[in-house]
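Overview (structure and organization)
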Amino acid sequence: MDERLKRIYLPMTETGFYILYCLQEERHGYNITQMVREMTNDEVIISAGTMYGSLSKMESDGLIAFSRAQGKRKLYQITPLGLEILQIEMKRIERMYHNIKGENNHDN
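Residues numbered from 1 in each chain as written. Predicted model: local features only at pLDDT ≥ 70, side-chain atom pairs only at ≥ 80, totals over all residues. Heavy atoms only, no water.

For the protein chain, the name recorded in an unreviewed UniProt entry is PadR family transcriptional regulator, with Streptococcus zalophi as its organism.

A look at the overall build of the protein chain
To keep things clear, this is the line we draw: Only DSSP runs of H or I covering at least 4 residues are called helices, and only runs of E covering at least 2 are called strands; the numbering of each starts at the N terminus. Here the term buried applies to any residue with accessible area under 20% of the maximum for its type, exposed to any over 50%, and partly exposed to those in between, with areas from a 1.4 Å probe on protein chains only. Note on definitions: a residue-residue contact is assigned when non-hydrogen atoms from the two residues lie within 4.5 Å.
For the protein chain, the helix and strand inventory stands at five helices and three strands. Scanning the protein chain from its N terminus toward the C terminus, one meets helices and strands in the order α-α-β-α-α-β-β-α. By principal-axis analysis of the C-alpha atoms, the protein chain measures approximately 60 × 35 × 20 Å. Every one of the 108 residues in the protein chain was classed for burial, and the buried ones make up 32%. Considering only intrachain contacts with a sequence separation of at least 6, the fraction spanning at least 24 residues in the protein chain is 55%.

What to know about the side chain of R27
This is how the line gets drawn: By the criterion applied in these results, polar contacts are pairs of N or O atoms within 3.5 Å in which, for protein atoms, one can donate a hydrogen and the other can accept it, and in which residues neighboring in sequence qualify only through two side-chain atoms.
With respect to the element layout, R27 can be found in strand 1 (residues 27-28). The class of R27 is buried, set by a relative accessible area of 14%. Among the polar contacts listed, one links the side chain of R27 to the backbone oxygen of C22, at a separation of 2.8 Å. In contact with R27, not counting residues within four places along its chain, are C22, I32, M35, K74, L75 and Y76.

Considering helix 3 (residues 29-39)
The following threshold applies: This arc is taken over the directions from the axis of the helix to the C-beta atoms.
Those residues of helix 3 not exposed but buried are G29, I32, T33 and V36. Buried residues of helix 3, viewed axially, fall in a sector of 100 degrees; they line one side. The inward-facing, buried residues of helix 3 contact helix 2 (14-22), strand 1, helix 4 (48-60) and strand 3 (73-78). Of the residues trailing helix 3, N41 is marked for its positive phi of about 50 degrees.

Have a look at this one:
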């Protein structure tokens, strides 16, 4: 993986994480926004400007790809590179969670 992309995307912002997570299935920006609101009980609300700026940047960096148009909406899906970055971030989050829960306590 390109070191420049690692520096840009890792660790990920919460917004970036949710966008990539949602794009494991083909979706458009508004659908992602609604899904994130539902997943987080309205704690994370991605504005249209943030959503479309993030989609554009992720597409130009090769993390997601345009798949097709649905009316006026553009549908995207995660690429293998995006999936690799998402999996690295998910492992980092899981490690942090286990650490704070004491599940990786090496003092035993």
